[in-house]
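# Structural description and commentary
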Amino acid sequence: MNGSKLLMAERTYQHFAAQMLVLSSVILGLVPLIWFAISRGGLSAFRLDAGVWDVLAFTLEQAFLSTVLSVVPGLFIARAMARQNFPGHTWLLRLFAVPTALPAIVVVLALTSIYGNKHLLGGWIELYGWGGILLAHVFFNLPLAVRLFYEASEQIAPENFRLSAQLSFTDKEVFWHVEWPVLRNIVPRVSALIFLLCAASFVIVLTLGGPTATTLEVAIYQSLRLDFDIGRALTLGFIQIVLCFVLVALSGRVMLQSVTHAGNQLFQRRFDGQGSVSRFIDLTMIVFGALVVLPPLFALVSSGFMQLQISPQVLSASGFSLGIGFVSACLDLILAWNTAQQTDWFSQGIALSALIVPPAVMATGWFILLQPFSDSLIMVIASIIALNALMALPFVVSILAPAFERRRKKHDRLCAQLALSGWQKLRNIDLPLMWRPLVQSFLLGFILSIGDLTAITLLGNQGVVTLPSLIQIQMGHYRGSDAAGTALLLAILSLVCAWAAQRFGDQYDPD
Amino acid sequence: MILIENALFKKKKFSLYIDLHIKSENFVAVLGASGAGKSTLLSIIAGFEDLERGKLCLDGAEMQNIPPAKRPVSMIFQDNNVFPHLNVWDNVALGISPSLKLNEAQKAQVDGALVRVGLSQYAARKPGNISGGERQRVALARVLVRKRKILLLDEPFAALDPGLRHDMLDLVSDLRREHALTVLMVTHQPGEALRAADEIIFVADGKVREPITSKTFFSMHDDGAIDSYLGKTR
């Protein structure tokens, strides 16, 4: 019997409407730019000059280096974590989940307070330019790689390690016969994902990059908003779209795991890597991993702790952040609910559109369209909310889509037999079964929006100051200690939400 | 010979008391409810789990701190007994050399074992292209080339059809006689125990009971744990 037809969710008009809403937002962003380009000489507006190549080269080089520096040590740290059990193992795994939840600007501030200080490690690393960008990217992506590889090694059946122990495999043989067959599939995808995140990175490059260290995303923003060179921006944007499209296609389903995984906390006993040399190497790797993650977190807490204050500025910024975060997360839920149920390439493309079409391009299109309303605070806030929702959509869908798929496999035939559909099915089946992943997705959308500096930079004006933009303003005015306090507040907010989101994860779901 | 004296296993809230003697070349079935600790017993013997206290001797030798590879034991699991990226022949050859470097005599051993379990025509296939029963035969062929005296089976045929299950069980019985193996098999099927086993060990209430003959086991009356396991009404 062919059950595939039944297992496909029906495409209702709500789904269609939501997808069209996303699609038209993206197109609305592109139309004014293309129109401008055409009105200024058509294809000749596209320019592939040396400057463009330089930007592309830097984007690829820094993304490549960041990826190598994250993936290779990440692989060995994950292996060490999987082989060795020790007190604090679970806590260290949780620690590796922290960077993913932190807003980029908070991490930038923490890094400047360690490596920007001439008396500390300053001079060792040139923070503004290559060094800072790599450092920040590795801080975010090394722990991500560790978690993804560790999760992959958790999927290996315990029998494989027991069998290896019985057959007296050496560590090398365990690696080639047991670990590598699993990693072989995931290493290229994790690499593509991290490469994508680094190639499209905006806030880090904007704040830490110098005039020579500029990526496509930042260069698009600069040429549109500072130089008003639309031809150049379109050229860069086109390159960025092609690059991101390829990377999204390569990373595939790893996307889905990057934000949700928390580890099942059950250590699987291993019989390899128990020799003293292996133990020493593993311990070294683990300490190295902790040293990448801990110092910025420590700096964040120690410099911000005494500065935690609720000034009127902080209060109003919190209000903006929470409000924008809340509405944008709600919007995300509605959009994701309607795009996550289909698995065809069109729906997936819609869900991932903000990863493929650079937010800088989209936002500029909107910015031009909204020029007549530029005095309206409501319109500015609305556009910020919309861009936030679009940027978070890929990640929110990545939580909801597998949850939908799992439940559909379990319950859809029964629902079809009982003729449950529409509102009845939503109320009696979908909502009770889906509320955990729904809350989790909401929190994720919320975290991404309250920590966002991209949409604010691209669309905001002086009237809208959120927590991340307040941090940036305070940093810019050399009020480092105020910035540290604000950053700690934002970090705490984000981490509390991330912790809650993890508690709502599927592994706690009895269903 | 398997001898476990006054032994205690503990993991979190689970504990298992074991005091047990299994004679050489016996075929013993391990029965008990899910989660009673049947697989744990096998893991302890194979060296995948450690005892809190007590003594474990296999064929007369004390096993404390002896790693799994050095024990006179082969174990077959319900699943994942073969590596999917290696073909059938290589999977068996791993039992002789983990680096897959075999001399001519050893290659002949692998060929012979595959003939014995009826898989010689599948030697070049990957495990993904043979049936579940055939994959378990690969594991049995590997047991033959490893030449360990004790064979532990953890529900190895649970996923197979009844007819196939009986064939496999008979194959294990034959191999046991040919190679003088001591067999300890966890099963959920009392029928399997009755068909193949000389003795039965019952695991319940955190305790591994002494082996008794299958006849005695199935004719026992008024043992609450056994009755409720077998679904007998009193």
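Residues numbered from 1 in each chain as written. Chains lettered and ligands numbered in written order. Predicted model: local features only at pLDDT ≥ 70, side-chain atom pairs only at ≥ 80, totals over all residues.

The next thing to look at is the overall build of chain B. Each helix and strand in chain B was counted, giving eight helices and eleven strands. Seen through its C-alpha atoms, chain B measures out along the principal axes to roughly 55 × 40 × 30 Å. Of the contacts formed within chain B by residues at least 6 apart in sequence, a portion of 66% connects residues at least 24 apart. (Helix = DSSP H or I, 4+ residues; strand = E, 2+ residues; numbered from the N terminus. Contact = placed C-beta atoms within 7 Å.)

Further remarks concern the domain arrangement of chain A. All names here are of chain A. Segmentation of chain A into domains returns domain 1 (10-39 + 311-511) and domain 2 (46-293). Between the C-alpha centres of domain 1 and domain 2 there is a distance of 23 Å. Taken together, the 39 residues of domain 1 in the interface contact 33 residues of domain 2. Mapped by element, the contributors of at least two residues to the side of domain 1 that touches domain 2 are α2 (13-39), α16 (353-356), α17 (359-369), α18 (377-417), α19 (422-450), α20 (454-459), α21 (467-476) and α22 (480-503). Counting residues per element, the side of domain 1 that touches domain 2 draws most heavily on α22, which supplies nine residues. For the side of domain 1 that touches domain 2, the class distribution of residues is 29 nonpolar, ten polar and no charged. (Domains from an automatic or database assignment. Nonpolar A, V, L, I, M, F, W, Y, C, P; charged D, E, K, R; others polar.)

Moving on to the environment of A:Phe76. Inspection of the secondary structure assignment puts A:Phe76 in helix α3 (residues 50-83). Each C-alpha atom, one on A:Phe76 and one on A:Thr486, is 35 Å from the other, the two residues being 410 residues apart in sequence.

Residues and elements named next belong to chain B. An ideal rise of 1.5 Å per residue puts 21 Å on 15 residues; helix α4 (residues 132-146) measures up with 22 Å between its terminal C-alpha atoms. Those residues of α4 that sit buried are Arg135, Gln136, Arg137, Val138, Ala139, Leu140, Ala141, Arg142, Val143, Leu144 and Val145. On its buried face, α4 sits against β6 (73-76), α2 (88-93), α3 (104-116), β7 (150-154) and α5 (162-179). (Expected span 1.5 Å × (residues − 1). Buried ≥ 20, exposed ≤ 12 C-beta atoms within 10 Å, placed from the backbone.)

Confidence along chain B averages 91 in pLDDT terms, with 99% of residues attaining 70 or more. Model confidence for the complex: the whole-complex pTM is 0.84, and ipTM, which rates the interface, is 0.83. (pLDDT = per-residue confidence, 0-100.)

Residue and element names in this part refer to chain B. Here chain B is partitioned into domain 1 (1-72 + 154-234) and domain 2 (79-147). Between domain 1 and domain 2, the C-alpha centre-to-centre distance is 26 Å. Contacts between domain 1 and domain 2 engage eight residues on the former and six residues on the latter. Class assignment of the residues belonging to the side of domain 1 that touches domain 2 gives a composition of eight nonpolar, no polar and no charged.

To continue, consider the pairing of strand β9 (residues 199-204) of chain B. Looking down a regular strand, the side chains alternate between one sheet face and the other. Residues and elements named next belong to chain B. The element β9 is extensively covered by neighbouring structure, given that five of its six residues are classed as buried. As judged from the five bridges shared by strand β3 (residues 27-32) and β9, these two strands associate in the parallel manner. Pairing of valine 28 across the sheet is with glutamate 199, part of β9. Two elements, β9 and strand β11 (residues 212-213), share two bridges in a ladder whose sense is antiparallel. Bridged to glutamate 199 within β11 is threonine 213. Examined bridge by bridge, β9 and strand β10 (residues 207-208) share two bridges and lie antiparallel to one another. When the sheet's bridge partners are listed, valine 203 is paired in β10 with valine 208. (Pairing = 2+ DSSP bridges.)

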